[in-house]
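Structure assessment
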Amino acid sequence: GDKVDLRRQVENLHSAADTGFAVTRRDPDRKPGTGNQVDVAQRLHQALNRTGIQHNVPAHGAVLLGDAALLEAMVDHLVRVASALAAATGEPSHFDLVEDPTGQNWHIWFSVAGTALPQWHVREAFAPYYVTRILRGSPHGLSLVLVDAVARGHGGRGLSDRETIEGEDRILIGAALPRSA
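Residues numbered from 1 in each chain as written. Predicted model: local features only at pLDDT ≥ 70, side-chain atom pairs only at ≥ 80, totals over all residues. Heavy atoms only, no water.

A few points about the sheet that holds strand 7 (residues 168–178)
Pairing is mixed across the open sheet formed by five strands, whose spatial order is 2-4-5-7-6. Looking at strand neighbours, the two that pair on one side only are strand 2 (54–56) and strand 6 (157–165), the edges of this open sheet. Neighbour to neighbour, the strand axes of the sheet diverge by 20° on average, direction disregarded. In this structure, strand 4 (residues 94–99) lies alongside strand 5 (residues 105–113), joined through six bridges in antiparallel fashion. Residue pairing across strands places Val-98 opposite His-107, the latter belonging to strand 5. Strands strand 6 and strand 7 of the sheet are contacted by helix 5 (residues 143–153), whose axis makes an angle of about 40° with strand 7. (Pairing = 2+ DSSP bridges. Helix = DSSP H or I, 4+ residues; strand = E, 2+ residues; numbered from the N terminus. Axes fitted to C-alpha atoms, helices over the stretch in contact; angles between N-to-C directions. Contact = heavy atoms within 4.5 Å.)

Encoded structure:
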């Protein structure tokens, strides 16, 4: 029961901390937009198919230059937070991967019903332990910090917004990542 849950929380925290440390220590001289070609659509599509989360993510095609291991960790943490929010609210999450209007960035984001989380503040979404404060006992306190750090390390940024989609209040969380040329 509680002992297993606490152990899982500690393991997840250590995983997030290790990955966050890797973000700050791995090749600090590397410039955003360099590295290996990584198809984030493929990685996200595979992760989502394992969870059953609804999505409009193509199986391939969102290629960018970067660190494959860090981008995979970022995708995994986004999927974990989406799953946790869906479980806590009883509302399904939904993922999308789209080009921004300029065609220069990929936007990876998920949405969840905002009415289930009236206390969610979009400006605080990437603050350490924000998810844990909103979802009491959630092991994902550093997940969105990691998402933002990996996105910034690749020349992008974390995304958090609240808007009305098809008449419903939705919370949007994700990352903007520069496309490869």
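Considering the side chain of Ser-111
Mapped onto the secondary structure, Ser-111 falls in strand 5. Looking at Ser-111, its side chain comes within polar contact range of the side chain of Arg-170, at 3.0 Å. Residues contacting Ser-111, with those up to four places away along its chain left out, are Pro-92, Ser-93, His-94, Arg-170, Ile-171 and Leu-172. (Polar contact = N/O pair within 3.5 Å; in protein donor to acceptor, adjacent residues only side chain to side chain.)

What about helix 3 (residues 68–89)?
For an α-helix the count is 3.6 residues per turn, leaving residues at separations of three or four pointing the same way. Its 22 residues place the ends of helix 3 32 Å apart at the C-alpha level, agreeing with the 32 Å of an ideal helix rising 1.5 Å per residue. Gly-90 sits one or two residues past helix 3 and shows a positive phi near 75°. (Expected span 1.5 Å × (residues − 1).)

Observations regarding the packing of helix 2 (residues 40–51) against helix 3
Running from N to C, helix 2 and helix 3 point in directions that differ by 35°, and their axes come no closer than 10 Å. In this structure, helix 2 meets helix 3 at a crossing whose hand is right-handed. Note on element contacts: helix 3 touches helix 2 through Ala-68, Leu-71, Glu-72, Val-75, Asp-76, Val-79 and Ser-83, opposite Val-40, Arg-43, Leu-44, Ala-47, Leu-48, Arg-50 and Thr-51. Class assignment of the residues belonging to the contact of helix 2 with helix 3 gives a composition of eight nonpolar, two polar and four charged. (Left-handed = near helix turned anticlockwise from the far one by under 90°. Nonpolar A, V, L, I, M, F, W, Y, C, P; charged D, E, K, R; others polar.)

Details of the packing of helix 3 against helix 5
The description of two packed helices rests on the angle between their axes and on the distance between the axes. Contact geometry for helix 3 and helix 5: axes closest at 9 Å, N-to-C directions at 145°. The hand of the helix 3/helix 5 crossing is left-handed. Judged by residue contacts, Leu-70, Leu-71, Ala-73, Met-74, His-77, Leu-78 and Val-81 of helix 3 engage Ser-143, Leu-144, Leu-146, Val-147, Val-150 and Ala-151 from helix 5. Of the residues that constitute the contact of helix 3 with helix 5, the class distribution is eleven nonpolar, two polar and no charged.

A word on the nonpolar core
The biggest cluster of nonpolar side chains holds 41 residues, and the ones touching the most others in it are Leu-44, Met-74, Phe-95, Leu-97, Ile-108, Trp-120 and Leu-144. Of all elements in the fold, only helix 2, helix 3, strand 4, strand 5, helix 4 (130–134), helix 5 and strand 7 reach the threshold of two or more residues within this core. For this core, the leading source of residues is helix 3, giving ten residues. Sequence-distant contacts of Met-74, that is, excluding residues within four places in its chain, are made with Ile-108, Leu-146, Val-147, Val-150, Ala-151, Ala-175 and Leu-177. (Core = buried A, V, L, I, M, F, W, Y, C linked by side-chain atoms within 4.5 Å. Buried < 20%, exposed > 50% of the residue type's maximum accessible area, 1.4 Å probe, protein only.)

Some remarks on the side chain of His-94
If you trace the backbone, His-94 turns up in strand 4. Judged by relative accessible area, which is 18%, His-94 ranks as buried. A polar atom in the side chain of His-94 sits 3.2 Å from the side chain of Asn-56. Beyond its immediate sequence surroundings of up to four residues, His-94 is in contact with Gln-54, His-55, Asn-56, Trp-109, Phe-110, Ser-111 and Arg-170.

Here's the deal with helix 2
The terminal C-alpha atoms of helix 2, which comprises twelve residues, lie 17 Å apart, in line with the 16 Å expected from a rise of 1.5 Å per residue. Val-40, Ala-41, Leu-44, His-45, Ala-47 and Leu-48 are the residues of helix 2 that are buried. On its buried side, helix 2 packs onto strand 1 (36–39), strand 2, strand 3 (63–66), helix 3, strand 4 and strand 5. The opening residue of helix 2 is Asp-39, an N-cap whose side-chain oxygen sits 3.1 Å from the backbone nitrogen of Ala-41. Taken from the residues just after helix 2, Gly-52 is the one with a positive phi, measuring 85°.

All quantities given are derived from atomic positions and should not be read as evidence of function.
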